[in-house]
Amino acid sequence: MARLRVGVLASGRGSNLAALIKAASDPAYPAEIALVIVNIAGTQALARAEAAGIPTRLIEHRTFATRAAFDAALDSTLREAGVEFVCLAGFMRLLTPGFVAAWRDRLINIHPSLLPAFPGLNTHARALAAGVKISGCTVHFVRQETDSGPIIAQGAVPVLTGDTADTLAARVLEAEHKLYPLALRLVAEGKVRVIEDRTEIAGSVLDIAGFALFNPPER
Ligand code: GRF
């Protein structure tokens, strides 16, 4: 079966991009990374994609007069490359309603919290300030409101005594690197159905009925 042609948009470190590239390096993985677009020159994400031999494009948002013009450039570049599906991986630009509508249900994002808790920036500091005992990450379809949209998959990690935003971020990031390839696989296999504001995942992905993650533990 033809692999889903995925474009990744990134702005920074690119560790989630690297996780997707690694997953897609297996020919049995149902998606291939056809193009990586970055909006800032010299980012690690760009270097990672180049090192993996993946086609890259630098589209600098600051060279465009409007968001709409920038997004139009993104859109046409993705289409010219035959991209069918887009993953945001640390892409630090707000997308216009036109772009979000054009790629509806073909555009996903990863966010480092258990949405709908803590959308937006400074996620981990806010989670710590709120005193939550479990945090995690979410892969979701993109809707207009930042970090909103039908949830595809989530991964949970404990918040530990003494955690700082950095130590919690590192723990969540490890989960992100597993979750994003997993979520993209499910989508590429056609197992994810969007129903209004939610998704349904075909087949039983996990058989852990009765499982619960407790922090502090039960004993
Ligand atoms: C990740 O924590 C992701 O959840 C958030 O931005 C960060 C990007 O990190 N959207 P990286 O560029 O993938 O390393």
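Computed from a prediction, not measured in an experiment: that's the story for all the values here. (Residues numbered from 1 in each chain as written. Predicted model: local features only at pLDDT ≥ 70, side-chain atom pairs only at ≥ 80, totals over all residues. Heavy atoms only, no water.)

Explain the site of the ligand here, please?
Taken together, R13, G14, S15, N16, G90, I110, H111, P112 and E176 make up all the residues around the ligand. Contact distances for the ligand include 2.8 Å between an oxygen atom and a backbone N or O atom of N16. Here the ligand, which alone exposes 370 Å², has 84% of that area covered by the protein. If you list the elements that add at least two residues to the shell around the ligand, you get α1 (15-24) and β5 (107-111). In terms of residue class, the shell around the ligand is built from two nonpolar, five polar and two charged. Looking at the shell around the ligand, you find at least three residues from each of domain 1 (1-103) and domain 2 (110-212). (Near = heavy atom within 4 Å. Polar contact = N/O pair within 3.5 Å; in protein donor to acceptor, adjacent residues only side chain to side chain. Areas by Shrake-Rupley, 256 points an atom, 1.4 Å probe, with all protein chains shown as cover. Helix = DSSP H or I, 4+ residues; strand = E, 2+ residues; numbered from the N terminus. Nonpolar A, V, L, I, M, F, W, Y, C, P; charged D, E, K, R; others polar. Domains from an automatic or database assignment.)

Explanation requested: the sheet that holds strand β7 (residues 151-158) in the structure shown.
Each strand in a sheet pairs with its neighbour through backbone hydrogen bonds, running either in the same direction (parallel) or in the opposite one (antiparallel). With respect to topology, seven strands assemble into an open sheet ordered β3-β2-β1-β4-β5-β6-β7, the strand pairing being mixed. One side of each edge strand has no neighbouring strand; the edge strands of this open sheet are β3 (56-58) and β7. Averaged over neighbouring strand pairs, the angle between their axes works out to 20° when direction is ignored. Sheet topology note: the strand β2 (residues 31-38)/β3 ladder contains three bridges and is parallel. Residue I37 lies in a different strand from β3, and its bridge partner there is R57. (Pairing = 2+ DSSP bridges. Axes fitted to C-alpha atoms, helices over the stretch in contact; angles between N-to-C directions.)

Help me out: how do you make sense of helix α3 (residues 67-80) in this one?
Residue pairs spaced three or four apart in an α-helix point in one direction, given the helix's 3.6 residues per turn. If you check α3, its first and last C-alpha atoms are 20 Å apart, about what 14 residues at 1.5 Å a residue would give, namely 20 Å. Taken residue by residue, α3 has F70, D71, A73, L74, D75, T77 and L78 as its buried positions. Where the residues of α3 are buried, they touch β1 (4-10), β2, β3, β4 (85-89) and α4 (97-102). Taken from the residues just after α3, G82 is the one with a positive phi, measuring 70°. (Expected span 1.5 Å × (residues − 1). Buried < 20%, exposed > 50% of the residue type's maximum accessible area, 1.4 Å probe, protein only. Contact = heavy atoms within 4.5 Å.)

Would you take a moment to explain the pairing of strand β6 (residues 134-141) for this structure?
Walk down a regular strand and you will see the side chains alternate between the two sheet faces. With respect to burial, β6 is a largely interior element, seven of its eight residues being buried. Two strands pair when backbone bridges link them, and β5 and β6 are joined in this way by four bridges, in the antiparallel orientation. Residue pairing across strands places N109 opposite H140, the latter belonging to β6. Pairing of β6 with β7, which is carried by seven bridges, proceeds in the antiparallel orientation. Within β7, the residue paired with C137 across the bridge is G155.

How should I be thinking about the state of the cysteines in this particular structure?
Scanning all chains against the criterion turns up zero disulfides. The thiol of C87 is unpaired, and the distance to the nearest cysteine sulfur, on C137, comes to 14 Å. Relative accessible area serves as the criterion here: at 0%, C87 is assigned to the buried category. (Disulfide = S-S within 2.5 Å.)

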